[in-house]
Amino acid sequence: RHGITAAGFRLGYILIHAELERMICSGPLRGKQHTYALLEERVPRAASLEREAALAELVRRFFTSHGPATAKDLAWWSSLTRVDIATGLSLAGDALESTDVDGITFWSAPGNARTPAPSPSVRLLQAYDEYIVGYTQSRYLLDLGALAAVASGKASLPNGVIVVDTQVAGRWKRTVRADTVVLETVLCRPFDATETAALHAAADKLGMFLGARAVVSASVL
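Analysis parameters
The residue numbers shown here count from 1 along each chain, following its written sequence. The model is predicted, so local features are restricted to residues of pLDDT at least 70 and side-chain atom pairs to those at 80 or more, both for listing and for counting; the totals for chains, interfaces and linings are taken over all residues. Water and hydrogen atoms were dropped before computing side-chain values, which therefore reflect all heavy atoms in the structure. Counting from the N terminus, the helices are the DSSP runs of H or I reaching at least four residues and the strands are the DSSP runs of E reaching at least two. The buried label applies to any residue whose accessible area, calculated with a 1.4 Å probe on protein chains only, is under 20% of its type's maximum; exposed applies above 50%, and partly exposed to all values in between. Neither His nor the chain ends is counted toward charge; the positive residues are Lys and Arg and the negative residues Asp and Glu. Put simply, a salt bridge is a Lys or Arg side-chain nitrogen that is within 4 Å of an Asp or Glu carboxyl oxygen. Each polar contact in these results corresponds to two N or O atoms within 3.5 Å; when the atoms are within protein, one needs to be able to donate a hydrogen and the other to accept it, and residues that are neighboring in sequence are counted only if both atoms are side-chain atoms. Grouping into patches uses exposed residues only, defined as over 30% relative accessible area, and leaves out salt-bridged ones; the cut-off is 9 Å for like charges and 5 Å for nonpolar side chains (Val, Leu, Ile, Met, Phe, Trp, Tyr). The accessible surface values rely on the Shrake-Rupley method and a 1.4 Å probe; as for residues, cover is taken only from the protein chains in view. For two strands to count as paired, DSSP must find a minimum of two bridges between them. Axis geometry follows a simple rule: fit a line to the C-alpha atoms, using only the stretch in contact for helices, then measure angles between N-to-C directions, giving values from 0 to 180 degrees. Working rule for angles: under 35 degrees goes down as roughly parallel, over 145 as roughly antiparallel, 65 to 115 as roughly perpendicular, anything else as oblique. The contact criterion used throughout is that any non-hydrogen atoms of two residues lie within 4.5 Å. Any Phe, Tyr or Trp ring, taking Trp's six-membered ring, that has another such ring centre within 6.5 Å forms a pair; planes under 30 degrees apart are called stacked, those over 60 apart edge-to-face, and the others tilted.

Help me get a handle on the side chain of Asp129, residues and values and all.
Take Asp129: it is sitting in the loop between β5 (122-125) and α6 (130-133). An unpaired buried charge is present at Asp129: no salt bridge exists, and Arg123, the closest side chain of opposite charge, is 9.1 Å distant. Among the polar contacts listed, one links the side chain of Asp129 to the backbone nitrogen of Tyr131, at a separation of 2.9 Å.

Describe a nonpolar patch on the surface, and please don't skip the residues or the numbers.
A contiguous nonpolar patch, built from Phe9, Tyr13, Ile16 and Leu20 and spanning about 530 Å² of accessible area, is present on the exposed surface. Note that Leu20 resides in helix α1 (residues 8-20). A relative accessible area of 66% means that Leu20 is categorised as exposed.

Tell me about the sheet that holds strand β6 (residues 161-164), residues and numbers included.
Strands sit in the order β5-β6-β7-β8-β9 across an open sheet of five strands; the sheet is mixed. The strands lining the two open edges of the sheet, one partner per strand, are β5 and β9 (213-220). Within this sheet the neighbouring strands show an average axis-to-axis angle of 30°, counted without direction. Relative to β6, β5 runs antiparallel, the two sharing four bridges. Bridging from a neighbouring strand, Leu124 pairs with Ile162 of β6.

Go over unusual backbone geometry, please, and point to the residues and values.
With an omega of 0°, the peptide bond running from Gly67 to Pro68 counts as cis. Relative to the helices and strands, Pro68 resides in the loop between α3 (51-66) and α4 (71-78). Of note, the phi angle at Asp102 is positive, near 55°, even though the residue is not glycine. Within the secondary structure layout, Asp102 lies in the loop between β3 (97-101) and β4 (104-108). With phi around 80°, Thr166 is a residue other than glycine that occupies positive phi space.

A description of the packing of α3 against helix α5 (residues 82-92) should follow, citing residues and the corresponding values.
Between α3 and α5, the least distance of the axes is 8 Å, while the angle of their chain directions is 85°. Taken together, α3 and α5 sit at an angle that is classed as roughly perpendicular. Contact residues: α3 offers Arg51, Glu52, Leu55, Ala56, Val59 and Phe63, while α5 offers Asp84, Ile85, Thr87, Gly88, Leu89, Leu91 and Ala92.

So what's going on with the packing of aromatic side chains? Residues and values would help.
All chains considered together, the criterion is met by three aromatic pairs. Centre to centre, the rings of Phe9 and Tyr13 are 6.4 Å apart; their planes meet at 25°, and the pair counts as stacked. With Phe9 and Tyr13 both in helix α1, this residue pair falls four residues apart, about one helical turn. Per residue, the accessibility class of Phe9 equals that of Tyr13, and both read exposed. With a centroid separation of 5.0 Å and an interplanar angle of 45°, the aromatic rings of Phe62 and Trp77 are classed as tilted. Residue Phe62 is located in helix α3, and its partner Trp77 is located in helix α4; the two are separated by 15 residues in the primary sequence. Members of the aromatic cluster, connected to one another through ring pairs, are Phe62, Phe63 and Trp77.

See the structure below:
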């Protein structure tokens, strides 16, 4: 109506601005096409919180969903100051518990420990999954040396990461065809028979989600 041409990069910037202004958000898929929706029609209104209450809620939600993690992890993730994080931790009270490991304090929900998945378990993580990029101080808990080997010669993380029993073990990418999804995997080391079976099981889950038969090809660095 105002004569603004909405095409190319300009259209992208207009949409980004509308999202930042909380006018629109991601909508449901229409076939294979992504859509946008009015935020007020898709997201229920949240209660308005005072600043300290909001800090406590944000800190609680981070550590109950990402824990065990450290205050430094939360600072990177949220851009909150250490003072704000300390305030939030104090106000969260019994909603969180701490554990010290080698002089580093980790926070999580009380009784948050879960029964480990049967070993070996294989997970196909998407690009920029928080398990890989969402932590700074806790990152040493992962075998990122393997990830570095997989991504050698590249400036960024692989588009997909294979994790075996919490450790990075390779990369993967997919090609979707009419009735199949082909998973090309590059492994940091050869998988044994049980790990290979777990990899195929993870691929089958992805295939079920996409409504296609999964086919796996594997090579080793």
